[in-house]
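# Survey of secondary and tertiary structure
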Amino acid sequence: MAASPGGIPDPAIEPLPPQPAAHTPEPGSDSRAGRLSFCTKVCYGIGGVPNQAASSAIAFYLQLFLLDVAQIPAAQVSLVLFVGKVSAAATDPVAGFFINRSRRTGSGRLMPWVLGCTPFIALAYFFLWFLPPFTSLRGLWYITFYCLFQALATFFQVPYTALTMLLTPSPRERDSATAYRLTMEMAGTLLGAAVHGLIVSGAHAPHRCEDTELPGWVPVSPDATHLYYIAATVVTATYPVCIILLLLGVKEQPEPSGPASNKGLSFLAGLGLTIRHPPYLKLVISFLFILAAIQVEQSYLVLFCTHASQLHDHVQSLVLTILVSAVLSTPLWEWVLQRFGKRMSAFGICAMVPFAILLAAVPTAPVAYVVSFVYGVSTAVSLLLPWSMLPDVVDDFQIQHQHGPGVETIFYSSYVFFTKLSGAVALGISTLSLEFAGYEAGACKQAEQVVVTLKVLIGAVPTCMILIGLCILMVGSAPKVPSQDTSRQLSLRRTSCSIA
């Protein structure tokens with residue numbers, strides 16, 4: 001992706017005003033000062049584990065829970081997923097606005113937001129899996145707590161991911177910290193899906209349908225709801241443990257207490273500039289399609305195995321195969337990013353395309369395991385790549401526009417806003433298609449139209465979205481990774497300005 005041709009003609013960084021000797025790095029000390037310890041990277045990554053564990057359990061099992069345990073009509077499930085995702089997307093610019101205006105405290109400017117949101121996220125997540133005694137307003141119950149969880153998770157995730165920019169001025173170290181974060185987050189994804197899936201597997205056992213003479217609707221066993229309560233409690237317990245480790249192991253870079261030498265952008269002005277920045281615009285649009293495809297694939301895998309194939313007994317193993325391959329391949333993709341570049345790594349996402357179609361056409365166990373492995377490898381690079389490219393886009397913007405600090409939060413919050421909005425639209429429309437196909441909540445056997453719809457959602461839909469996203473991403477050139485001198489000057493600019 002190229003720098004904006006409409007930006008400032010001379011992209012070179014202007015000379016900074018003289019800095020106090022205490023804050024001016026000595027020649028040759030940049031690499032040492034910008035280097036992050038192994039402990040810092042690990043603790044930073046651990047901070048993202050609980051949110052990803054919760055999100056993983058939601059991505060794979062919430063739809064199944066709402067349809068077969070809460071037994072909400074598919075149209076209401078579509079509304080729950082759509083409204084929840086939209087609320088998360090709408091919260092992103094709000095979170096960016098308030099975080100951008102917050103003052104630095106003893107623990108930093110971003111860390112207090114992470115710590116303050118944690119207990120409320122945990123409570124919202126637990127009640128999302130709670131089965132209320134009433135039936136007529138269950139849809140409203142789940143919309144409320146899903147919106148709360150998504151909104152609070154946003155106020156957690158925006159400052160947490162933006163913290164990458166304040167850990168170190170070194171692009172290489174930021175990429176390394178991002179890889180550690182994504183590796184630990186994928187481990188959290190694995191933990192959430194594995195623990196939640198293993199606990200609730202008894203709620204969807206095959207004998208549930210074999211032991212009844214009813215051809216359609218089957219009542220929910222009380223044991224099923226208890227299993228979901230236990231699973232929710234286990235995932236909820238990861239929040240306090242991981243956040244304590246994050247607080248102990250990670251510190252934001254301190255800013256001097258002297259007067260500001262430059263004013264940062266206001267949120268609205270910064271948002272207007274960021275969405276007109278060509279490298280950022282291309283990054284966002286391409287991954288709107290790619291990440292929406294991954295969300296659709298995740299959301300319908302369990303339903304596909306349950307109702308559109310004979311893979312019900314393999315659901316837990318397939319989910320674990322996806323997540324284990326994603327976790328193990330993340331360090332490999334980080335090496336590929338460093339060795340061959342980020343654009344070359346994007347071709348790894350293409351591997352998902354033929355295998356997604358293969359699973360829909362030949363839904364057998366051997367094929368499903370091969371597809372799950374490849375899907376996990378492709379998912380790893382599709383999650384790692386945008387977060388590795390985003391800091392380069394931020395630096396590219398800073399070089400061209402010469403603005404003070406604060407733009408990191410604007411970039412990160414608006415990026416998450418757009419990707420969540422695309423996921424909301426994709427999941428809402430796709431779930432609504434199940435209603436049109438005649439999906440019957442709680443039924444043991446679904447109509448043939450539902451089976452065909454699930455095959456399309458698991459194969460054709462993700463394939464088209466991935467190809468569109470990759471075509472957009474490959475057009476033009478990528479933004480340059482800042483040189484060491486450029487990174488040093490950008491670091492000086494950030495630390496010489498007060499963060500309002």
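About the thresholds
- Residues numbered from 1 in each chain as written.
- Predicted model: local features only at pLDDT ≥ 70, side-chain atom pairs only at ≥ 80, totals over all residues.
- Heavy atoms only, no water.
- Helix = DSSP H or I, 4+ residues; strand = E, 2+ residues; numbered from the N terminus.
- Buried < 20%, exposed > 50% of the residue type's maximum accessible area, 1.4 Å probe, protein only.
- Contact = heavy atoms within 4.5 Å.
- Areas by Shrake-Rupley, 256 points an atom, 1.4 Å probe, with all protein chains shown as cover.
- 1 Å grid on protein atoms, 1.4 Å probe; cavity = no way out; pocket = protein on both sides within 12 Å on 5 of 7 lines; lining within 4 Å.
- Points joined across faces, edges and corners; volume = space filled by probe spheres on them.
- Patch = residues over 30% accessible without salt bridge, like charges linked within 9 Å, V, L, I, M, F, W, Y side chains within 5 Å.
- Salt bridge = Lys/Arg side-chain N within 4 Å of Asp/Glu carboxyl O.
- Expected span 1.5 Å × (residues − 1).
- Phe/Tyr/Trp six-rings, centres within 6.5 Å; stacked < 30°, edge-to-face > 60°.
- Lys NZ or Arg CZ within 6 Å of the ring centre and 35° of its normal.
- Axes fitted to C-alpha atoms, helices over the stretch in contact; angles between N-to-C directions.
- Parallel < 35°, antiparallel > 145°, perpendicular 65-115°, else oblique.
- Left-handed = near helix turned anticlockwise from the far one by under 90°.
- Nonpolar A, V, L, I, M, F, W, Y, C, P; charged D, E, K, R; others polar.
- pLDDT = per-residue confidence, 0-100.
- Core = buried A, V, L, I, M, F, W, Y, C linked by side-chain atoms within 4.5 Å.

### Some thoughts on the overall build of the protein
When its secondary structure is counted, the protein shows 20 helices and 0 strands. Looking at the 500 residues of the protein, the share that counts as buried comes to 58%. Partitioning the contacts of the protein with sequence separation of at least 6, the portion at a separation of at least 24 is 88%. Within the structure as shown, the protein displays about 19800 Å² of accessible surface, and the carbon and sulfur contribution to it stands at 70%.

### What about empty space enclosed by the protein?
If a probe as big as a water molecule is rolled over the atoms, it shows which places are left empty. On inspection of all chains with the given rule, the structure shows 4 cavities of 30 Å³ or more. Looking at the largest cavity, its volume works out to about 980 Å³. Lining the largest cavity are 39 residues, with Gln52, Ser55, Lys85, Gln295 and Leu383 sitting closest to its centre. Put simply, the parts of the chain that give the lining of the largest cavity at least two residues each are α3 (49–69), α4 (74–101), α6 (138–162), α7 (171–200), α12 (278–307), α13 (315–340), α16 (365–401) and α17 (407–437). If you tally residues by element for the lining of the largest cavity, the top one is α3, at 9 residues.

### Focus: a nonpolar patch on the surface
Together, Leu332, Trp335, Phe340, Met344 and Phe347 line one region of the surface with nonpolar side chains, adding up to about 580 Å² of accessible area. Sorting elements by how many residues they give to the nonpolar patch places α13 first, with 3 residues.

### Describing α13
With 26 residues, α13 ought to run about 38 Å at 1.5 Å a step, and its terminal C-alpha atoms sit 35 Å apart, in line with that. Among the residues trailing α13, Gly341 stands out with phi positive, at a value near 100°.

### Section: the packing of aromatic side chains
Tallying each qualifying case throughout the model produces 20 aromatic pairs. An angle of 80° between the planes, with centres 5.5 Å apart, marks the rings of Phe126 and Phe127 as edge-to-face. Residue classification places Phe126 among the partly exposed residues on the basis of a relative accessible area of 25%. With centroids separated by 5.2 Å and ring planes inclined at 80°, the aromatic side chains of Trp387 and Tyr415 adopt a geometry described as edge-to-face. Placement of Trp387 in helix α16 and of Tyr415 in helix α17 is noted, with a sequence separation of 28 residues between them. Taken together, the ring pairs in this structure connect Phe126, Phe127, Phe130, Phe134, Trp141, Phe145 and Tyr229 into an aromatic cluster. Its guanidinium or amino end placed over the ring of Trp387, Arg181 lies 5.0 Å from that ring's centre, counting from NZ or CZ.

### Observations concerning unusual backbone geometry
In this model, Gln71 sits at a positive phi of 55°, which is unusual for a non-glycine residue. Within the element layout of this structure, Gln71 appears in the loop between α3 and α4.

### Topic: the pattern of salt bridges
If you walk through the whole model with that rule in mind, you get 2 salt bridges. The shortest N-O distance in the salt bridge between Glu173 and Lys41 comes to 3.3 Å. Note that Glu173 is positioned in helix α7 and Lys41 in helix α2 (residues 38–46), a separation of 132 residues in sequence. Given the relative accessible area of 14%, Glu173 is considered buried. Looking at Lys41, the relative accessible area reads 9%, which means it is buried. Between Arg181 and Glu185 there is a salt bridge, and its shortest N-O distance comes to 3.2 Å.

### Concerning the side chain of Thr154
Within the secondary structure, Thr154 is located in helix α6. Those residues in contact with Thr154 that sit more than four places away from it in its chain are Ala88, Thr91, Asp92, Ala95, Pro159 and Lys420.

### A word on α2
Taking burial as the measure, the 9 residues of α2 include 7 buried ones, the bulk of the element. By the burial criterion, the buried members of α2 are Thr40, Lys41, Val42, Cys43, Tyr44, Gly45 and Ile46. On its buried face, α2 sits against α3, α6, α7 and α10 (238–249).

### Notes on the packing of helix α5 (residues 111–128) against α6
In contact at an axis separation of 8 Å, α5 and α6 are set at 155° when each is read in the N-to-C sense. Looking at the two axes, α5 sits roughly antiparallel to α6. Between α5 and α6 lies a crossing of left-handed hand. Between α5 and α6, the contacting residues are Trp113, Val114, Cys117, Thr118, Phe120, Ile121, Ala124, Tyr125, Phe127 and Leu128 on the first element and Trp141, Tyr142, Phe145, Tyr146, Leu148, Phe149, Leu152, Ala153, Phe155, Phe156, Pro159 and Tyr160 on the second.

### Brief notes about the packing of α3 against α13
Their axes nearest at 13 Å, the elements α3 and α13 cross at an angle of 140°. Considered as vectors, α3 and α13 are oriented oblique to each other. Crossing angle aside, the handedness with which α3 passes α13 is right-handed. Touching Ser56, Phe60 and Tyr61 of α3 are Gln316, Val319 and Leu323, all from α13. A per-class count over the contact of α3 with α13 returns 4 nonpolar, 2 polar and no charged.

### What to know about the environment of Glu448
Along the chain, Glu448 falls in helix α18 (residues 448–458). In this structure Glu448 comes out as exposed when scored by relative accessible area, which is 54%. Linking Glu448 and His307, residues 141 residues apart in sequence, is a C-alpha distance of 9.9 Å.

### Considering the confidence of the model for the protein
Residues with a pLDDT of 70 or more make up 79% of the protein, whose mean pLDDT is 77. Within the protein, helix α20 (residues 484–495) has the poorest average pLDDT of any element, 47, and α5 the best, 91. A low-confidence stretch, residues 211–217 stays under pLDDT 50, and its non-local contacts, those more than four residues away or across chains, total 11 contacts. With pLDDT under 50 throughout, residues 489–500 is counted as low confidence; its partners more than four residues away or in other chains account for 47 contacts.

### Some words on the nonpolar core
In this structure, Trp129 and Tyr142 are the most contacted members of the largest nonpolar core, which totals 131 residues. It is α12 that provides the largest number of residues to this core, a total of 17 residues. Setting aside its immediate chain neighbours within four residues, Tyr142 contacts Phe65, Leu66, Ala70, Ile72, Val80, Leu128, Phe130, Leu131 and Pro132.

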